[in-house]
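So the chains spell out like this:
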Amino acid sequence: MSTDGGFPQAPPPEAVTTRTEHQAAVSHWLLAGARSASEAHTGWEESGTAWLCPDQLFTAVIVPADVVHAALGRSTPRACAAPLASTLVGPVFYSPEGFGPQGAYTVLLPPHTGEAWDVPGAVVHPASALLLVPDPGKCEPTEGPWWVVPLASPDQLGSLYLLTALVVMGRDRLGRSGGGPHV
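Quick caveat, the model's predicted, so the values are computed rather than measured. Residue indices follow the written sequence of each chain, beginning from 1 at its first position. Residue-level local features of this predicted model are given only where pLDDT is at least 70; pairs of side-chain atoms are given and counted only at 80 or more, and the full residue set underlies all totals for whole chains, interfaces and linings. Side-chain metrics in this entry use all non-hydrogen atoms of the structure; hydrogen atoms and water are not considered.

A separate point is the pattern of salt bridges. Salt bridge, as used here: a side-chain nitrogen of Lys or Arg that lies within 4 Å of a carboxyl oxygen of Asp or Glu. Applying the stated criterion to the full structure yields 1 salt bridge. Arg78 is the salt-bridge partner of Glu140, the closest N and O atoms lying 2.3 Å from each other. With a gap of 62 residues between them, Glu140 in the loop between strand 9 (131-134) and strand 10 (146-149) and Arg78 in helix 4 (residues 77-88) connect regions that are remote in the sequence. The class of Glu140 is partly exposed, set by a relative accessible area of 46%. Secondary structure follows DSSP: runs of H or I at least 4 residues long count as helices, runs of E at least 2 residues long count as strands, and numbering of each begins at the N terminus. Partly exposed describes any residue whose relative accessible area lies between the buried limit of under 20% and the exposed limit of over 50%, with all areas from a 1.4 Å probe on protein chains only and scaled to the type maximum.

Encoded structure:
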């Protein structure tokens, strides 16, 4: 404590956010995209997933796993976690059945950025269509979708530019190896 004119001064307040508070804030924001917040919350509790509608909250771009794996030179979602976090700087979840048996990564971008998406090798999820989204705390591999790069906060969505570069690189590498994305 410091003094000013003989009176003790309290230290400046510090923001303390627990993991539980953080997850509650992220959950609350995502639930704004649910047709029924209570049903979505129940879905997260019971199955670890809920159907949400991206609409005004975010744009979801779905990228086949082979494109991401080729771009990063990795073969599993776990191995891709750190490179995706540093490359895209935004939330990404993996769905084992996203593009058939190979799976897919779903990247959350700011709202309406999908209107500018014109990159072969990935698709924009329709804004008004339901999307199966994992519970914000579901960050371990499971049968259904799980967060490879968890949502840090609503203002930290991915970058259209960085995702475009990743998809183009993955497609180029697949093309040189004789493979091709399933999009």
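Resuming the write-up.
This paragraph deals with the environment of Met169. Considering the arrangement of structural elements, one finds Met169 in helix 5 (residues 160-177). Considered as a pair, Met169 and Val68 are 101 residues apart in the sequence and their alpha carbons are 8.8 Å apart.

Our next topic: the pairing of strand 4 (residues 59-64). Within a regular strand, side chains alternate between the sheet's two faces. Counting buried positions along strand 4 yields 6 of 6 residues, so the element is predominantly enclosed. Burial along strand 4 is two-sided: the residues Thr59, Val61 and Val63 and Ala60, Ile62 and Pro64 are all buried. With 6 bridges connecting them, strand 4 and strand 7 (residues 104-109) associate as antiparallel partners. The residue of strand 7 that forms the bridge with Pro64 is Ala104. When DSSP finds two or more bridges between two strands, those strands count as paired.

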